[in-house]
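Structural characterization, general
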Amino acid sequence: MAQVSEERENRVDATGEEPPAASGTPGPAEDGAPAAPEFPGTAGAAGRTPVTPAASGTGPAAASEQGVPTPGVSTEPAPEAKKASKAGRNLPAAIGVGLLLGAAIIVSLLTVRFIFIGIIAIAIAVGTFEFAGVLRRVADTRVAMIPVLVGGQAMIWLAWPFGREGALTAFVLTVLACLIWRLPGGAKGYLRDISASTFAAAYLPLFGAFAAMLVPPSDGVGRVLTFLIGVVASDTGGYIAGVLGGKHPMAPTISPKKTWEGFGGSLVGGVVAGALTLSLLLDGHVWQGVIFGVAIVLTATLGDLVESLIKRDLGVKDMGTLLPGHGGIMDRLDSLLPSAVVSWLLLSAFVPLG
């Protein structure tokens, strides 16, 4: 029915006139056999909107409308369709998964903080598999998996002892390896596949390497927590404000559920979290925390919008199904990845490395 309705609207838009109404009697099948019965919600063989018995003035539905009871047909009104939750997802599952992930991160930071780099490496590897799989299924685009996976791990782990130089060197070598890896596949789709491979290497492991660079300093636990709490506060504040009072879409063609009210909630949450964490965990100034919070909200929101655009371009709802209530790993990394870059830059400028 939705397809027929869309076709009807397209004809109205194209001609400026309303198309003629469907005939009240179904036509015969093309082979001369009696036409198969049509049911509400399906189109006929010639693409006509089917006519229900009620529309033709006969049948059980019409009799019921006239007050005549029909054997075997209930006269009770149909229950209203269950309204979709304003949360837009399985909230208990989402909260449970979020708490488990948060607990794992906190335990790693409070025991051996370098374990957090391993968590980043695993998340980036899984996210790369998800992203490459979606590109292959829906866009016939093939990421150079081996170079991107191996090079991605090199970016993250080399960022530990060598910082930016190690991550950027591994990234350049990864792109070079992708160029060579794809050569045997021939010219068809070469630029498309190399572009996707380069984007995957930059968007996932290179951005993730900046999160890994927050760990090595002596106050690395405070830096990581400041980064994570800022992003979580931004997402949570925006989610609550959007669900409770979201009325004005922020980017309706990209993410219809994202509202300006939600963005305001993100600002409140991010600024409060930034002011508290940067001053309490890193001995910074409150004004620095305010700037940090605003920057994190902007980059987290940008990450959400970019991920929404990618999914709309590919025609998918989620990048994966690994995390109940959330989607895939990629669906949780969207706001974290660009925020990791900005967090490292600002924290390096505001708080001297210890």
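What you are looking at is a predicted structure, and each value in this text was computed from that prediction instead of being measured. (Residues numbered from 1 in each chain as written. Predicted model: local features only at pLDDT ≥ 70, side-chain atom pairs only at ≥ 80, totals over all residues. Heavy atoms only, no water.)

1. Considerations on the overall build of the chain
On a plain count of helices and strands, the chain comes out with 12 helices and 2 strands. Counting only residues that meet the buried cut, the chain has 40% of its 354 residues in that class. If you take every contact in the chain between residues at least 6 apart in sequence, the share linking residues at least 24 apart comes to 66%. Only carbon and sulfur atoms are counted for the fraction: they give 68% of the accessible area of the chain, which is about 19,500 Å². (Helix = DSSP H or I, 4+ residues; strand = E, 2+ residues; numbered from the N terminus. Buried < 20%, exposed > 50% of the residue type's maximum accessible area, 1.4 Å probe, protein only. Contact = heavy atoms within 4.5 Å. Areas by Shrake-Rupley, 256 points an atom, 1.4 Å probe, with all protein chains shown as cover.)

2. Overview of helix α7 (residues 190-212)
End to end, α7 covers 32 Å across 23 residues, agreeing with the expected 33 Å (1.5 Å per residue, within 8%). At Ala202, α7 shows its maximal bend, which comes to roughly 30 degrees, and the proline Pro205 appears one to four places after that position. (Expected span 1.5 Å × (residues − 1). Bend = angle between axes of the 7 residues up to and from the residue.)

3. Here we look at the packing of α7 against helix α12 (residues 336-350)
As a packed pair, α7 and α12 sit with axes 7 Å apart at the nearest point and diverge in direction by 35 degrees. Helix-helix and strand crossings are classified by hand; for α7 and α12 the assignment is left-handed. Residues Tyr203, Leu204, Phe207, Gly208, Phe210 and Ala211 of α7 form the contact with α12, whose own contacting residues are Leu337, Pro338, Ala340, Val341 and Trp344. Residue composition of the contact of α7 with α12, by class: 10 nonpolar, 1 polar and no charged. (Axes fitted to C-alpha atoms, helices over the stretch in contact; angles between N-to-C directions. Left-handed = near helix turned anticlockwise from the far one by under 90°. Nonpolar A, V, L, I, M, F, W, Y, C, P; charged D, E, K, R; others polar.)

4. Side note on the packing of helix α10 (residues 286-314) against α12
Closest axis-to-axis distance for the α10/α12 pair is 8 Å, and the angle between their directions is 165 degrees. With respect to α12, the axis of α10 lies roughly antiparallel. Where α10 crosses over α12, the handedness of that crossing is right-handed. Residue-level contacts link Gln288, Ile291, Phe292, Ala295, Ile296, Thr299, Ala300 and Gly303 of α10 to Pro338, Ser339, Val342, Ser343, Leu346, Leu347 and Phe350 of α12. Considered class by class, the residues forming the contact of α10 with α12 number 10 nonpolar, 5 polar and no charged. (Parallel < 35°, antiparallel > 145°, perpendicular 65-115°, else oblique.)

5. Some remarks on a nonpolar patch on the surface
Taken together, the side chains of Ile229, Val268, Val272, Leu276, Leu280 and Leu281 make up a nonpolar region of the molecular surface, amounting to roughly 540 Å² of accessible area. Residue contributions to the nonpolar patch peak at 4 residues, all from helix α9 (residues 260-280). Looking at where Val272 falls in the secondary structure, it is placed in helix α9. Relative accessible area serves as the criterion here: at 44%, Val272 is assigned to the partly exposed category. (Patch = residues over 30% accessible without salt bridge, like charges linked within 9 Å, V, L, I, M, F, W, Y side chains within 5 Å. Salt bridge = Lys/Arg side-chain N within 4 Å of Asp/Glu carboxyl O.)

6. Thoughts on the confidence of the model for the chain
A residue-level look at the chain finds 71% of positions with pLDDT of 70 or above and a mean pLDDT of 80. Predicted confidence is poor over residues 1-68, with pLDDT under 50, and the contacts of this stretch with residues over four places away or in other chains come to 45 contacts. In the model, residues 73-85 has pLDDT below 50 throughout and makes 2 contacts with residues more than four positions away in sequence or in other chains. (pLDDT = per-residue confidence, 0-100.)

7. Notes on the environment of Ala123
As for its position among the elements, Ala123 is in helix α5 (residues 115-139). Ala123 sits 206 residues away from Ile329 along the chain, and the two C-alpha atoms are 6.7 Å apart. Other than its neighbours up to four places away in sequence, Ala123 contacts Ile329 and Leu333.

8. Here we look at the pattern of salt bridges
Within the structure shown, the criterion is met by 5 salt bridges. Between Lys258 and Asp304 there is a salt bridge whose closest N-O contact spans 3.6 Å. Here the residue Lys258 occupies a position in strand β2 (residues 255-259), and Asp304 occupies one in helix α10, the gap between them amounting to 46 residues. The class for Asp304 is buried, based on a relative accessible area of 16%. When salt bridges with common partners are traced through the structure, they connect Arg182, Arg192 and Asp193 into a single cluster.

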